[in-house]
Amino acid sequence: MSRPTVPTPIEIVDARMDDGAVIRLRRYGVLDRPRIILSHGNGFAIDGYFPYWSLLLSSFEIVVFDFRNYGRNPVHEGTHDYVRFLADMTILYDAIDSAFGKKSQAGVFHSMSARVNLKYALDGHRRLDALVVFDPPMVPMKEHPLYERLLSEERLLWRWSAVRPEYFDDPTELAVLYSKSHMLSGWVSGSYELMARSVLRYDINKKTWFLVCNPARESHIYRQNTAMNIWPAATEFPLPVLVVGGDPDSTRPSAPSHACRALGEEQGWIYQYVPGTNHFLQLQEPTICADLTSRFLYNAGVR
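Residues numbered from 1 in each chain as written. Predicted model: local features only at pLDDT ≥ 70, side-chain atom pairs only at ≥ 80, totals over all residues. Heavy atoms only, no water.

A count of helices and strands for the protein gives 10 helices and 11 strands. Expressed as a percentage of its 303 residues, the buried residues of the protein come to 58%. Look at the contacts in the protein between residues 6 or more apart in sequence, and 75% of them connect residues 24 or more apart. Of the roughly 12300 Å² that the protein leaves accessible, carbon and sulfur atoms contribute 51%. The protein carries 32 positive and 34 negative side-chain charges, and their two centres are separated by 2 Å. (Helix = DSSP H or I, 4+ residues; strand = E, 2+ residues; numbered from the N terminus. Buried < 20%, exposed > 50% of the residue type's maximum accessible area, 1.4 Å probe, protein only. Contact = heavy atoms within 4.5 Å. Areas by Shrake-Rupley, 256 points an atom, 1.4 Å probe, with all protein chains shown as cover. Lys, Arg positive; Asp, Glu negative; His and termini not counted. Charge placed at Lys NZ, Arg CZ, Asp CG, Glu CD.)

Okay, here's the thing in structure tokens:
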């Protein structure tokens, strides 16, 4: 099974959080162009999204990072929750400014990382000139018609993730599981193997591969999604925001795709969806998603 290959970064900087956790910043692309900062969804890692962000390398400086306890970062035994993630964002943005210089920059985030940065912006932090979020799992208040549907999907995910396999003899085993999942269907060639290698790490002593983000941590984040009710109007954000959802009318839509459409229709968000996709639209239609990203950022003045 072939897979895309993530290139060697131009620069790597280890940002140390105030509790000692290390988050690895990696820099790619064209350094005299505007900057895009990217991260991933719960249980995944930003390298696995390379089929999407590779299409932006010729037009932007790219800085990617995994959240604590995901991807390339050292595992840290401290707190792993949204409160901690929000505190990390200030340190990360400071580290990016310090290491790479201040410039026009945008954030492009999927799912969990999108929720974090939406909340971060709502809390009054203006560290970006624009924000593109892909299928964020937004949960409205209990009175909303979508609440029970979104709650049901989060329950399913937290129960599934708590008992998922943690150890593998080879990344191909996990890639095969990904490829058989209906909710992960339609990823571009090589993406299952790439994502599997991005979320696993080899333990030389035990001679086995393990999930960097263990099932307990992943499940804990899914449990918190329903508690962090965010349903703001577009006018509440201090910067331009585009929400790109999966297709809410596809054969197997994700619940967040319905939430994204409702935010566009009810709350005035700039909203688009990608036909035929679900929650992992960046890996199903990377070219369309990259084009939407570039056009929105250009119109928002990040150029």
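From this point, the narrative continues.
Next up on the list: the environment of Ala300. Within the secondary structure, Ala300 is located in the segment after α10 (286–299). In the structure, Ala300 is positioned 61 residues away from Leu239 in sequence and 9.2 Å away in space, judged by C-alpha atoms. If we skip the residues at most four places from it in the chain, Ala300 touches Ala130 and Pro240.

Here the focus is the side chain of His258. Position of His258 among the secondary structure elements: in helix α8 (residues 255–267). In terms of polar contacts, His258 uses its side chain to reach the backbone carbonyl oxygen of Pro248, at 3.4 Å. Beyond its immediate chain neighbours, meaning those up to four positions away, His258 contacts Leu146, Arg149, Pro248 and Pro253. (Polar contact = N/O pair within 3.5 Å; in protein donor to acceptor, adjacent residues only side chain to side chain.)

Right, let's talk about the pattern of salt bridges for a bit. Tallied over the full model, the rule gives 20 salt bridges. We note a salt bridge from Asp123 to Lys119, for which the minimum N-O separation is 2.8 Å. A relative accessible area of 42% means that Asp123 is categorised as partly exposed. Connected via shared salt-bridge partners are Glu11, Arg27, Arg35, Glu61 and Lys103. (Salt bridge = Lys/Arg side-chain N within 4 Å of Asp/Glu carboxyl O.)

To continue, consider helix α7 (residues 215–225). Across the 11 residues of α7, eight count as buried, placing the element largely inside the fold. Among the residues of α7, Pro215, Arg217, Glu218, Ser219, Ile221, Tyr222, Gln224 and Asn225 are the ones counted as buried. Buried positions along α7 lie against α2 (82–100), α3 (111–122), α4 (147–162) and β9 (208–211).

With that settled, the discussion passes to the sheet that holds strand β7 (residues 167–168). Pairing is antiparallel across the open sheet formed by three strands, whose spatial order is β7-β9-β8. Unpaired on one side and paired on the other, β7 and β8 (200–203) mark the two borders of the sheet. For β7 and β9, the ladder comprises two bridges, and the chain directions are antiparallel. Paired with Tyr167 across the bridge in β9 is Phe210. Along the sheet, helix α6 (residues 191–199) makes contact with β8 and β9, crossing β8 at roughly 55°. (Pairing = 2+ DSSP bridges. Axes fitted to C-alpha atoms, helices over the stretch in contact; angles between N-to-C directions.)

Of the strand pairs in this sheet, strand β1 (residues 11–16) and strand β2 (residues 22–29) are connected by six bridges, and their pairing is antiparallel. What sits directly across from Ala15, in β2, is Ile23. What sits between β1 and β2 in their antiparallel hairpin is a turn of five residues, with Gly20 showing a positive phi close to 95°.

Attention now moves to the environment of Ala87. Relative to the helices and strands, Ala87 is located in helix α2. The spatial distance from the C-alpha of Ala87 to the C-alpha of Pro140 is 23 Å, given a sequence separation of 53 residues.

Attention shifts here to the nonpolar core. In this structure, Leu25 and Phe65 are the most contacted members of the largest nonpolar core, which totals 51 residues. No other element matches the nine residues that α2 contributes to this core. If near-sequence neighbours (up to four positions away) are discounted, Phe65 is found in contact with Ile23, Arg24, Leu25, Ile37, Leu38, Ser39, His40, Ile46, Met89, Leu92 and Phe109. By size, the runner-up hydrophobic cluster in this structure holds 47 residues, among which are Val64, Phe134, Leu174 and Ala290. (Core = buried A, V, L, I, M, F, W, Y, C linked by side-chain atoms within 4.5 Å.)

Now for unusual backbone geometry. Of note, the phi angle at Asn69 is positive, near 65°, even though the residue is not glycine. Phi at Ser111 takes a positive value of approximately 55°, unusual for a residue other than glycine. Inspection of the secondary structure assignment puts Ser111 in helix α3.

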